[in-house]
Amino acid sequence: MHTLLGLLALVLVPRAIANPALPRTDDVLPVHESRQSLPPGFVNVGPAPSDHTLKLRFALSQNDPNAIVDALYRVSDPTSSEYGQYLSKAEVEQLIAPKSAATDAVKAWLQDNNFSGTALTPARDWIGFEIPVHQANRFFNANFSIFEHDETKTQVVRTMAYSLPASLQGHVDLVHPTISFPDPSIGGKGNVIGLQRRSSKRTHPRIANRDLSSKCANITDPECLQALYSIPSTPATNPDNRLGVVGFYGNSVPYSFLKQFLLTYRPDIDPSTNFTVDSVDGGVNEQDGSDSSSEGALDIEYTVGLATNVPVVYVFSGALGDFDGYLDIVNQLLGEENPPQVLSTSYAAEETSFSFALTDKVCKQYAQLGARGTSILFASGDSAAGCPVGNDTSYQVLFPSNCPFVTSVGGTVLFEPEEAWQGSGGGFSNYFSRPAYQDAAVENFFAQYGDTNADLYNHTGRAYPDISAKADDYVIYAAGFTRIFGTSASTPVTASIIALLNDRLASAGKPPLGFLNPWLYSKGASALTDIVDGSSNITCEGTTPPRGFPALQGWDPATGLGTPNFDKLLALLGL
């Protein structure tokens with residue numbers, strides 16, 4: 001197991017210790033956060049060693065937590081007079097700056113107790129510090145213990161509840177990592193979001209230029225996608241228009257993989273075309289192939305190989321895909337003067353793995369990035385409505401697609417016409433309410449779908465996915481040619497289309513598309529291909545019927561609003 005770098009909690013400990021200590025009951029501080037049960041698969045194997053050092057973070061209270069959301073909508077709503085007038089780094093930092101009283105209180109507490117605090121963001125709204133377990137238990141009325149995942153044997157140090165010292169109450173929104181757990185299915189060798197099916201490795205000849213049915217009949221490659229979605233092969237011309245691709249430890253992409261892919265499937269592109277790397281938490285994009293994966297290759301090959309001449313940056317984290325990875329990536333991008341205008345991420349985790357307070361914090365950090373003009377896209381998942389372990393009473397919901405301030409990408413299969421892919425993740429958040437921009441579209445879905453399985457999902461929650469793209473039978477090169485499918489493929493394809501649209505906008509002297517959803521649901525849907533066939537569905541162990549949703553007219557939880565068409569979107573933008 002890789003040890004997380006930077007300001008992260010230790011995930012490996014020397015050994016398990018029996019007979020966990022009873023929770024503390026001697027203090028009367030109110031509980032600040034708690035969880036009633038462990039995430040599926042985790043068990044408490046004993047108290048953490050008293051001298052073990054925790055690397056914790058304070059999230060400081062802000063003057064107006066919703067100011068950034070209001071700003072995001074002002075610059076993202078096509079009906080707003082401020083549409084497209086994105087905020088600068090300094091303007092965002094001013095909006096989300098912590099209360100001066102909160103800064104003072106945290107500084108005083110750290111100094112009084114001989115701890116050194118480190119600002120983790122330019123706005124100084126996250127403060128990191130180190131503290132031994134025995135002091136953390138005392139100060140936060142906690143019981144930090146070792147929890148082990150029974151399948152992966154991942155060990156983490158967490159507590160089931162904690163309180164804030166009296167002097168910090170009202171000044172600190174949360175302490176992390178405390179009650180939120182990693183999702184062991186994330187990270188490592190391409191082990192992402194549920195299903196990811198591959199055939200045995202074999203060479204696939206490039207298909208000659210013929211009609212759409214011929215181009216997409218055998219495999220999904222750049223030529224198929226160009227024909228299916230009218231994606232141009234003409235090179236982009238604006239070097240400042242960048243496309244970011246997120247990767248985690250275990251998903252390095254050797255440059256030789258990309259070169260072989262381009263030689264085979266984009267011979268019109270210079271095979272020396274490459275990508276840059278933006279390292280987070282000490283992430284290193286290894287080139288010897290030992291740390292590579294099909295996931296990383298897929299993400300890079302279907303951005304560099306589709307968004308012709310758009311500069312692609314691999315935002316590569318040394319973390320394993322734990323929440324800290326998401327947090328550190330967005331914080332690092334927010335610290336840059338010019339972050340990528342599009343960000344594609346093919347990773348996800350169960351909503352319930354993380355507390356609402358923590359999820360809300362990072363969701364609003366995505367809002368910060370969106371307010372600066374970045375389109376943020378996440379894969380919706382590859383397990384339809386999911387099979388949460390030990391829970392047959394509700395559908396699975398995935399983070400970060402549950403966040404109202406990102407664009408979630410589902411999956412389709414086939415062509416002429418496309419249908420919903422059975423693995424396409426989608427549903428309704430139990431954390432976030434449905435944003436107003438979705439109301440009409442989602443109500444139209446329920447008017448057709450009725451109350452089928454209504455007791456298994458939150459009718460009023462943020463609905464996802466927002467959009468979709470082809471998810472089946474992609475050919476990639478990862479130390480050999482192989483096939484792969486999932487929304488992990490749909491997402492970089494959609495991101496590439498947005499990046500190419502941004503290039504045309506830049507050439508016309510216009511701002512990038514930024515946060516897509518208000519535009520997609522009000523105007524953009526008219527330039528999408530509505531998917532009305534197929535459904536998402538998965539059969540879980542036990543007696544429950546298949547879980548999922550049908551593709552219906554308009555928005556649906558299988559394919560969102562539909563699939564993109566570059567030419568139609570370009571025309572809609574007046575270009």
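Each chain has its residues counted from 1, following the order in which its sequence is written. Predicted model: local features are reported for residues with pLDDT of at least 70 only, side-chain atom pairs are reported and counted for 80 or more only, and whole-chain, interface and lining totals are derived from all residues. Hydrogens and water are ignored here; the side-chain numbers use all heavy atoms of the structure.

A.B. asks: I'd like to hear about the overall build of the protein chain, residue by residue, with values.
C.D. replies: The secondary structure listing takes helices from DSSP runs of H or I that are at least 4 residues long and strands from runs of E that are at least 2 residues long, numbered from the N terminus. Along the protein chain, the regular secondary structure elements total 14 helices and 26 strands. Only protein chains enter the calculation, and the probe is 1.4 Å; a residue is then buried if its accessible area is under 20% of its type maximum, exposed if over 50%, and partly exposed in between. Out of the 575 residues belonging to the protein chain, those deemed buried represent 61%. Residue contacts are counted whenever heavy atoms from the two residues lie within 4.5 Å of one another. Across the protein chain, every contact between residues at least 6 apart in sequence was considered, and the portion connecting residues at least 24 apart equals 81%.

A.B. asks: Could you give an account of the sheet that holds strand β6 (residues 145-149), naming the residues involved and the relevant values?
C.D. replies: Should DSSP find at least two bridges between two strands, the strands are taken to pair. The 3 strands lie next to each other as β2-β6-β7, forming an open sheet whose pairing is antiparallel. This sheet does not close on itself; its edge strands, each paired only once, are β2 (42-47) and β7 (155-158). In this sheet, adjacent strand axes meet at a mean angle of 35° when their direction is disregarded. Sheet topology note: the β6/β7 ladder contains 4 bridges and is antiparallel. By the bridge assignment, E148 is partnered in β7 with Q155. Structural elements are reduced to axes, namely lines fitted to C-alpha atoms, with helices fitted over the stretch in contact, and the angle between N-to-C directions of any two is expressed from 0 to 180 degrees.

A.B. asks: An account of the pattern of salt bridges is requested, with residue identities and associated values reported.
C.D. replies: The salt bridge definition used is simple: a Lys or Arg side-chain nitrogen within 4 Å of an Asp or Glu carboxyl oxygen. Per the counting criterion, the structure on display carries 12 salt bridges. For E443, the salt bridge goes to R434, with nearest N and O atoms at 2.9 Å.

A.B. asks: Can you tell me about the packing of aromatic side chains, naming the residues and giving the values?
C.D. replies: Note on ring pairs: Phe, Tyr and Trp rings are taken, using the six-membered ring of Trp, and paired if centres are within 6.5 Å. Classes follow the plane angle, with under 30 degrees stacked, over 60 edge-to-face and the rest tilted. Applying the stated criterion to the full structure yields 48 aromatic pairs. Measuring from centroid to centroid gives 6.2 Å for F58 and F140, while their planes differ by 70°, and the two rings are edge-to-face. Note that F58 is positioned in strand β3 (residues 53-60) and F140 in the loop between α4 (133-139) and β6, a separation of 82 residues in sequence. The pair F58 / F140 is uniform in exposure class, with both members buried. Ring centres of Y437 and Y521 lie 5.3 Å apart, and the angle between their planes is 45°; on these two criteria the pair is classed as tilted. A residue pair is termed long-range when its members are at least 10 positions apart, and Y437 in the loop between β20 (427-433) and α11 (439-449) and Y521 in helix α13 (residues 517-522) qualify at 84 residues.

A.B. asks: Outline the packing of helix α1 (residues 67-76) against helix α2 (residues 89-96), supporting the account with residue identities and numerical values.
C.D. replies: In contact at an axis separation of 8 Å, α1 and α2 are set at 140° when each is read in the N-to-C sense. As the angle between them shows, α1 and α2 are arranged oblique. Residues A67, I68 and A71 of α1 lie in contact with α2, whose contacting residues are V92, L95 and I96. By the convention adopted, Pro, Cys, Tyr, Trp, Phe, Met, Ile, Leu, Val and Ala count as nonpolar, Lys, Arg, Asp and Glu as charged, and the other residues, Gly among them, as polar. Residues belonging to the contact of α1 with α2 are distributed by class as follows: 6 nonpolar, no polar and no charged. Any angle that falls under 35 degrees is termed roughly parallel, while one over 145 is termed roughly antiparallel, one within 65 to 115 roughly perpendicular, and all others oblique.

A.B. asks: Explain the state of the cysteines residue by residue, including any values.
C.D. replies: For this text, the term disulfide refers to a pair of cysteine sulfurs within 2.5 Å. Under the defined criterion, the tally for this structure stands at 3 disulfides. Disulfide pairing places C363 opposite C403 at an S-S distance of 2.0 Å. Around the S-S axis, the bridge from C363 to C403 shows a dihedral of about 85° and counts as right-handed. Here the residue C363 occupies a position in helix α10 (residues 356-371), and C403 occupies one in the loop between β17 (398-399) and β18 (407-414), the gap between them amounting to 40 residues. For C363, a relative accessible area of 0% puts it in the buried group.

A.B. asks: Which residues make up the environment of A499, and what values go with them?
C.D. replies: Topologically, A499 is positioned in helix α12 (residues 487-507). For the pair A499 and N241, spaced 258 residues apart in sequence, the C-alpha separation works out to 7.4 Å. Dropping the residues within four chain positions of it, A499 is found in contact with N241, L243, V310 and V342.

A.B. asks: Please give an account of helix α3 (residues 100-112) that cites residues and values.
C.D. replies: An ideal rise of 1.5 Å per residue puts 18 Å on 13 residues; α3 measures up with 18 Å between its terminal C-alpha atoms. The elements touched by buried residues of α3 are β3, β5 (126-132), α4 and β9 (172-176). By definition here, a helix of n residues has an expected span of 1.5 Å times n minus one.

A.B. asks: Outline the environment of N137, listing residues and values.
C.D. replies: The topology assignment puts N137 in helix α4. By relative accessible area, N137 is classed as buried at 15%. Each C-alpha atom of the pair N137 and S163 lies 9.7 Å from the other, and the pair is 26 residues apart in sequence.

A.B. asks: Talk me through the sheet that holds β9; I want residue IDs and the actual numbers.
C.D. replies: The 4 strands lie next to each other as β4-β5-β3-β9, forming an open sheet whose pairing is antiparallel. Since the sheet does not close on itself, it has two edges, and those belong to β4 (118-119) and β9, each with one partner. In the packing of α3 onto the sheet, contacts are made with β3, β5 and β9, and the angle to β3 comes to roughly 160°. Where α10 meets the sheet, it contacts β3, β5 and β9, and its direction lies at approximately 105° from that of β9.

A.B. asks: Any chance you could break down the side chain of N285 for me, citing the residues and the numbers?
C.D. replies: Position of N285 relative to the elements: it lies in the loop between β12 (276-280) and α8 (294-304). Taking the relative accessible area as the measure of exposure, N285 reaches 9% and is therefore buried. Contacts described as polar in this section are N or O atom pairs within 3.5 Å, which, within protein, must combine one atom able to donate a hydrogen with one able to accept it, while residues neighboring in sequence count only if both atoms come from side chains. Within the local environment of N285, its side chain forms a polar contact with the backbone nitrogen of V253, the two atoms lying 2.6 Å apart. In contact with N285, not counting residues within four places along its chain, are S252, V253, Y255, F275, V277, Y314 and F316.

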